[in-house]
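# Notes for the structure review
For reference, the chains in residue letters:
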Amino acid sequence: MTVWEMAAVCAAGVGAGAINTAVGSGTLITFPVLLATGLPPVTATVSNALGLIPGSVSGAIGYRAELRGQRRRILKLGACAVLGGLVGATLLLTLPAAAFETIVPVLLGLAVVLVALQPLISGLVRRRRERSGARPRGDAGPLLFTSLTLASVYGGYFSAAQGILYVALMGMLLDEPLQRLNAVKNVLVALVNAVAALFFLFVADFDWTAVLLVAAGSAVGGQLGATAGRRLSPRVLRALVVTVGTFAVGQLLLR
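This structure is a prediction, so every number in the text was calculated from the model and none was measured.

Our next topic: helix H12 (residues 208–229). One turn of the α-helix equals 3.6 residues, which is why residues spaced by three or four share an orientation. Relative to the 32 Å expected for 22 residues at 1.5 Å per residue, H12 spans 30 Å between its end C-alpha atoms, a close match to the ideal helical length. All buried positions along H12 are accounted for by Ala-210, Val-211, Leu-213, Val-214, Ala-215, Gly-217, Ser-218, Gly-221, Gly-222, Gly-225, Ala-226 and Gly-229. Buried positions along H12 lie against helix H1 (3–22), helix H2 (27–36), helix H3 (41–51), helix H4 (53–62) and helix H11 (178–203). At the N-terminal boundary of H12, the capping side chain belongs to Asp-207, with an oxygen 3.2 Å from the backbone nitrogen of Thr-209.

See the structure below:
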């Protein structure tokens, strides 16, 4: 890489770390930049996955206040994330890219719609629960386990906007404020990227210059994203998720 390419990759890492922490889909910043430096797609994907781990960890630390009291939930959902991430990483090296390129925009588009309609749907579900006398959903059930595992398969495969999928699924199936769900999302993304990267270490080629540059940038970006994201109201945060998610769908469709 030239000096200017290295600066661009590091800057992309800062942006990706910030957006991943606050919303999700930071890969849509780093991945095109890595491709522009001449890296092959698979090498760019695995290098990006490893480089973004410090950003996810940094973001989770920034959201540590919102993580309090969620240890049990994180352990349960984390197991789903690890399993799905490992499967997705395996698929990246065994399946043609076209197999996922068709379904990814559909999944992401659905997630954006769910996030946008979450207040309406959650209100309807809450009123129905009150009429039936059912208890609030404070813990994960089979539907969330299954859907989050499938989302993690996608995360291990490509990772772009997996955080938006997580927020959409948890928002629909858990009774928690959006900021607390966003905090859990950061931990799950870190787990998926970590397990995928560990798998890739043994079977794929990395560009270590790219890894280090993205890692340094994303670690800084994670703190910036946490500082900004935690100050957003649920309505503004939801609007930001929908806006970024819609842009991500457009980017994926135009690739």
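With 48 residues, the main nonpolar core has Leu-148, Tyr-166, Met-170, Leu-188 and Phe-200 as its most contacted residues. The element that contributes the greatest number of residues to this core is H11, accounting for 10 residues. Apart from the residues lying within four places of it in its own chain, the contact partners of Leu-188 are Leu-77, Gly-78, Ala-81, Leu-148, Tyr-166 and Met-170.

Further remarks concern the confidence of the model for the chain. Parts of the model with low pLDDT should not have their predicted coordinates read in detail. Considering every residue of the chain, the mean pLDDT works out to 79; 80% of them sit at 70 or more. Mean pLDDT values over the elements of the chain span from 62, in helix H7 (residues 98–101), up to 90, in H12.

Where H4 contacts H11, the axes come no closer than 8 Å and their chain directions differ by 155°. In terms of orientation, H4 lies roughly antiparallel with respect to H11. Here the hand of the crossing between H4 and H11 comes out left-handed. From H4, Ile-53, Ser-56, Val-57, Gly-59 and Ala-60 reach across to H11, where they touch Asn-186, Val-187, Val-189, Ala-190, Asn-193, Ala-194 and Ala-197.

Along the chain, Gly-24 turns up in the loop between H1 and H2. Gly-24 sits 140 residues away from Ile-164 along the chain, and the two C-alpha atoms are 5.5 Å apart.

This part covers the side chain of Ser-218. On the secondary structure map, Ser-218 appears in helix H12. Apart from residues no more than four positions distant in its own chain, Ser-218 is found in contact with Gly-13, Val-14, Gly-17, Gly-51, Leu-52, Pro-54 and Gly-55.

The subject of this paragraph is H1. If you check H1, its first and last C-alpha atoms are 29 Å apart, about what 20 residues at 1.5 Å a residue would give, namely 28 Å. For H1, the set of buried residues is Val-9, Ala-12, Gly-13, Ala-16, Gly-17, Ala-18, Asn-20, Thr-21 and Ala-22. At the C-terminal side of H1, Gly-24 shows a positive phi close to 135°.

What follows covers the side chain of Glu-66. Relative to the helices and strands, Glu-66 resides in helix H5 (residues 64–67). Those residues within four positions of Glu-66 in sequence are excluded, and the remaining contacts are Gln-179, Arg-180, Ala-183 and Arg-230.

A word on the packing of H2 against H3. How two helices sit against one another is set out by the angle between their axes and by the gap between those axes. Two elements in contact, H2 and H3, have axes whose closest approach is 9 Å; the angle formed by their N-to-C orientations is 135°. Classified by the interaxial angle, the pair formed by H2 and H3 is oblique. Judged by the sense of rotation from one axis to the other, the crossing of H2 with H3 is right-handed. Residues Thr-27, Thr-30, Phe-31, Leu-34 and Leu-35 of H2 pack against Pro-41, Ala-44, Thr-45 and Asn-48 of H3. Of the residues that constitute the contact of H2 with H3, the class distribution is five nonpolar, four polar and no charged.

Conventions used here
- Residues numbered from 1 in each chain as written.
- Predicted model: local features only at pLDDT ≥ 70, side-chain atom pairs only at ≥ 80, totals over all residues.
- Heavy atoms only, no water.
- Helix = DSSP H or I, 4+ residues; strand = E, 2+ residues; numbered from the N terminus.
- Expected span 1.5 Å × (residues − 1).
- Buried < 20%, exposed > 50% of the residue type's maximum accessible area, 1.4 Å probe, protein only.
- Contact = heavy atoms within 4.5 Å.
- Polar contact = N/O pair within 3.5 Å; in protein donor to acceptor, adjacent residues only side chain to side chain.
- Core = buried A, V, L, I, M, F, W, Y, C linked by side-chain atoms within 4.5 Å.
- pLDDT = per-residue confidence, 0-100.
- Axes fitted to C-alpha atoms, helices over the stretch in contact; angles between N-to-C directions.
- Parallel < 35°, antiparallel > 145°, perpendicular 65-115°, else oblique.
- Left-handed = near helix turned anticlockwise from the far one by under 90°.
- Nonpolar A, V, L, I, M, F, W, Y, C, P; charged D, E, K, R; others polar.

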